[in-house]
Amino acid sequence: QVRVVESGGGLVQPGGSLRLSCAATINAGAIYAMGWYRQGPGKQRELVAVAHTIRDTDYADSVKGRFTLSRDNAKSEVYLQMNSLKTEDTAIYFCYVRTWEENYWGQGTQVTVSA
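Residues numbered from 1 in each chain as written. Predicted model: local features only at pLDDT ≥ 70, side-chain atom pairs only at ≥ 80, totals over all residues. Heavy atoms only, no water.

1. Some words on the overall build of the chain
Reasoning step 1: Each helix and strand counted, the chain has zero helices and 11 strands in total.
Reasoning step 2: Its helices and strands in sequence order give the chain the pattern β-β-β-β-β-β-β-β-β-β-β, from N to C terminus.
Reasoning step 3: Here the C-alpha atoms of the chain give a radius of gyration of 13 Å, agreeing with the 13 Å that 2.2 N^0.38 yields for 115 residues.
Reasoning step 4: Structurally, the chain occupies a C-alpha span of about 40 × 25 × 25 Å along its principal axes.
Reasoning step 5: Each of the 115 residues in the chain was classed as buried or not, and the buried ones make up 43%.
Reasoning step 6: Long-range contacts, defined here as pairs at least 24 residues apart, represent 53% of the contacts in the chain between residues at least 6 apart.
Reasoning step 7: Of the accessible surface of the chain, which amounts to about 6,400 Å², a share of 46% is contributed by carbon and sulfur atoms.
Reasoning step 8: Computing the positive centroid from 12 side-chain charges and the negative centroid from 11, the chain places the two 2 Å apart. (Helix = DSSP H or I, 4+ residues; strand = E, 2+ residues; numbered from the N terminus. Rg over C-alpha atoms; globule rule 2.2 N^0.38 Å. Buried < 20%, exposed > 50% of the residue type's maximum accessible area, 1.4 Å probe, protein only. Contact = heavy atoms within 4.5 Å. Areas by Shrake-Rupley, 256 points an atom, 1.4 Å probe, with all protein chains shown as cover. Lys, Arg positive; Asp, Glu negative; His and termini not counted. Charge placed at Lys NZ, Arg CZ, Asp CG, Glu CD.)

Printed below as a string of structure tokens:
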């Protein structure tokens, strides 16, 4: 019943920017954490940035200073502003929603950084 839908991926040149959006069909009050993971070619899925309800956002070291996550708590939405993109940022980006008992994932949106 829960749906997690991402958008905003695409092809950009190195140094460019993209903004990812995610919306979940779940009451905001049920969400413990919401954010983004990614999986690049031949790599394991890794945390990019996750916003917790009552704590600071966690960022991967590789994206600190370049990516900014914002969460719309009232609408069960989260956004990821990605600046100064690098080729190594190329991956499928998955929206992540965590409640106290369940984890939910979107289908992913492709981000490709290439000249």
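2. Let's talk about the state of the cysteines
Reasoning step 1: Under the criterion given, the structure shown has one disulfide.
Reasoning step 2: Here Cys22 engages in a disulfide with Cys95; their sulfurs sit 1.9 Å apart. An S-S torsion of about -90° defines the bridge between Cys22 and Cys95 as left-handed. With Cys22 in strand 3 (residues 18-24) and Cys95 in strand 9 (residues 91-98), this residue pair connects regions lying 73 residues apart in the sequence.
Reasoning step 3: Look at Cys22 and you get buried, because its relative accessible area is 2%. (Disulfide = S-S within 2.5 Å.)

3. A short note on the packing of aromatic side chains
Aromatic rings considered in pairs are described by the distance between their centres and by the relative angle of their planes.
Reasoning step 1: Tallying each qualifying case throughout the model produces four aromatic pairs.
Reasoning step 2: Centroid distance Tyr96 to Trp105: 5.0 Å. Interplanar angle 50°. Geometry classified as tilted.
Reasoning step 3: In this structure Tyr96 comes out as buried when scored by relative accessible area, which is 6%.
Reasoning step 4: Of the aromatic side chains, those joined through ring pairs into one cluster are Tyr37, Tyr96 and Trp105. (Phe/Tyr/Trp six-rings, centres within 6.5 Å; stacked < 30°, edge-to-face > 60°.)

4. Let's talk about the pattern of salt bridges
A side chain of one charge can pair with a side chain of the opposite charge if their charged atoms are brought near each other.
Reasoning step 1: Inspection of the entire model under this criterion finds four salt bridges.
Reasoning step 2: In this structure, Asp89 engages Arg66 in a salt bridge whose closest nitrogen and oxygen atoms are separated by 2.8 Å. Remark: Arg66 occurs in the loop between strand 6 (58-59) and strand 7 (67-72) and Asp89 occurs in the loop between strand 8 (77-82) and strand 9; sequence separation between them is 23 residues.
Reasoning step 3: A residue is classified by how much of its surface remains accessible, and Asp89, at 1% relative accessible area, is buried.
Reasoning step 4: Several salt bridges converge on common partners, so that one network encompasses Arg38, Glu46, Arg66 and Asp89. (Salt bridge = Lys/Arg side-chain N within 4 Å of Asp/Glu carboxyl O.)

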